[in-house]
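# Structural characterization, general
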Amino acid sequence: MVLCPVIGKLLHKRVVLASASPRRREILSQAGLRFEVVPSRFKETLEKDSFPTLYTYAIETAKQKALEVAHRMHAKDFQTPDVVIGADTIVTVGGLILEKPVDKQDAYLMLSRLNGKEHSVFTGVAVVHCSSTGDRLETKVLEFHEETKVKFSELSEELLWEYIHSGEPMDKAGGYGIQALGGMLVERISGDFLNVVGFPLNHFCKKLAQLYCPPPDEAAQCIKHDSIPSVDTFRDRSDEEGSGQAGGDRQEAAYNGTVETPPPFPAELLGLIEGFKGSKVLFTACKLKVFDVLKDGAILTAEDIASKIDTSVCGTERLLDACAMLGLLERSERGYSNTELARLYLVSEGEHSLHGFVTLCNDYTWELFTHLESAIREGTNQFHEVSGRRADNLFKDSSRSKEAQLQFMHAVHDLTKLSARAVVTAFNLSHFTSACHLGGCTGALAHALVQEYPHLKVTVFDLPEILELAPSFQPAGERAAQIHFMPGDFCQDRLPEAELYILSRIIHEWPEDKVHQLLGRISERCKPGGGLLVAEAILDEERRNSRGAWVQSLSTLLQTPGRQRSGEEYQRLLRAQGFHDVRVVRTGALLDAVLATR
């Protein structure tokens, strides 16, 4: 275990990784490092042109990420860490830095720049050592960078788009992940592979060796390590300075290689075990309208907020502090304020708000999942246990109050907006001139369609009691005239005429026989050349990806008689109803897309 003495220097220190990257977390965990994950809130707004080299930009970004976490943890009520590790990986070609793509078209432009060419991947790393004297935080920063050259093969347009539709490029600098599907794009690399993944482990260990195990004399200081030093070059200076048999025994054991390396710290597992607590903090803050009180840039004290939401000061302060640690609020000497994340998604009346979805999760899904064991044992949905009614599921419960109906529609509206653009751009739908969204609810997907295809006329076909409440969800805009709302029951009434029919989050809710009946009705109504667009969370049969879809599969078991399906299952299902050329695209969003032609 050559790395053991190096990593061992940090085993008894409080080490924090200032990054939410699962790839960095995996690299360091597998090396045996114990650490906590506290994602940095540093806003990456540094002027790239102001740096003499590209890698100095990456180093400075990494340093600012680590320093932000160090200072935040040193603040009131938080223990100062011993070491904070920050990292920033950039992909560069022709002097241009390629960030994470904002959408599929951006990913295509990035990958086209890299196609057939060699580019550089730089990772800047900052290791911040912290100490505190009273209220003052003192820091010492060790910084370095690593460069790896990567050469892409000459790739066809078809292969590039196939990779983009997998969804993998969307959260990765340069638009690819070498450790996964993106590896098929790479012809060769020169340098550290893990550096391209996100963290240069070899260089990091060399730096630790220099820091904690300096050469004993001047002659030794001239030695350059082109590889990680061997075990017998490491010494623990604290053992030298503190005389005593115990220390000597530990040192001798280390030299003999008999020190047992502890298992990696189970940070991800603990996150799963205690994850429900963070969810409930979010749900409670939303229900109490904490983020609404802080909208429009307001900065308020705990006392002010408690007064406005009619809660205790001590309880409110603890809730606010928990929200700050979760990255939902900013805390300063002046008080608390919304982060950009909260401003965008948690203020109830915001354009991109998920408040309705959060409310449904708190009031309905939370209790529903307490019956998961029963659902697993019985293999049946548990809606009746939560509602006290015998309806098949929440979506077909006609006895809901108007308030409950609105809550449900808000949740559907919020979720649809998140995936709408990804779904309507998964395929080129420009040859269709009319579309009908069956069960279109508030029309969120219809609005995304007409924004992307201005010539398209869209009919939203749903139950009268749904459409009665739909007007309150309609955005203002010149495209609104292209959308027509028609009341009806798509299980019984004649379907409106259209070239393209759409089903979003419908098929997975229904039992097999009713799915076949519905698809049969659509197939009969669909003219030759017409199409059916299906938006659903699609399972990955090899269980490597689509983590969200597999969790959603349990949610489906809990509340409906239906089930999730894989892409191949959707292809068989639709071909059996007379559709052909059935294509499946993983969008990288909550919903994937299937397009079938009649």
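One structure accompanies this document, and this report is about it. (Residues numbered from 1 in each chain as written. Predicted model: local features only at pLDDT ≥ 70, side-chain atom pairs only at ≥ 80, totals over all residues. Heavy atoms only, no water.)

## Considerations on the environment of S156
Tracing the backbone through its elements, the reader meets S156 in the loop between β6 (136-152) and α5 (157-165). Remark: the alpha-carbon pair of S156 and S112, spanning 44 residues in sequence, is separated by 9.8 Å. Reaching out from S156, the side chain makes a polar contact with the backbone nitrogen of L159 at a distance of 3.1 Å. (Helix = DSSP H or I, 4+ residues; strand = E, 2+ residues; numbered from the N terminus. Polar contact = N/O pair within 3.5 Å; in protein donor to acceptor, adjacent residues only side chain to side chain.)

## Digging into the packing of aromatic side chains
Going through the model one piece at a time under the given rule, you end up with seven aromatic pairs. On the numbers, 5.2 Å between centres and 70 degrees between planes, the contact of F199 with F204 is edge-to-face. When sorted by exposure, F199 lands in the same class as F204, which is buried. Between F283 and W366, the aromatic rings sit 6.0 Å apart at their centres with planes inclined by 85 degrees, giving edge-to-face as the arrangement. Note that F283 is positioned in helix α11 (residues 267-287) and W366 in helix α16 (residues 355-369), a separation of 83 residues in sequence. The exposure class of F283 is buried, given its relative accessible area of 11%. (Phe/Tyr/Trp six-rings, centres within 6.5 Å; stacked < 30°, edge-to-face > 60°. Buried < 20%, exposed > 50% of the residue type's maximum accessible area, 1.4 Å probe, protein only.)

## Concerning the packing of helix α19 (residues 402-424) against helix α20 (residues 444-452)
Their axes nearest at 8 Å, the elements α19 and α20 cross at an angle of 30 degrees. Considering their axes alone, α19 and α20 lie roughly parallel with respect to each other. Judged by the sense of rotation from one axis to the other, the crossing of α19 with α20 is right-handed. Taken together, the residues of α20 that come into contact with α19 (itself represented by H413, T416, K417, A420, R421, V423 and V424) are A444, L445, A448, L449 and E452. Across the contact of α19 with α20, the residue classes break down as seven nonpolar, two polar and three charged. (Axes fitted to C-alpha atoms, helices over the stretch in contact; angles between N-to-C directions. Parallel < 35°, antiparallel > 145°, perpendicular 65-115°, else oblique. Left-handed = near helix turned anticlockwise from the far one by under 90°. Contact = heavy atoms within 4.5 Å. Nonpolar A, V, L, I, M, F, W, Y, C, P; charged D, E, K, R; others polar.)

## Considering a nonpolar patch on the surface
Taken together, L269, L270, L272 and I273 make up a surface patch of nonpolar side chains, about 380 Å² in accessible area. Mapped onto the elements, I273 comes out in helix α11. Given a relative accessible area of 49%, I273 falls into the partly exposed group. (Patch = residues over 30% accessible without salt bridge, like charges linked within 9 Å, V, L, I, M, F, W, Y side chains within 5 Å. Areas by Shrake-Rupley, 256 points an atom, 1.4 Å probe, with all protein chains shown as cover. Salt bridge = Lys/Arg side-chain N within 4 Å of Asp/Glu carboxyl O.)

The values reported here are purely geometric and, on their own, carry no functional implication.
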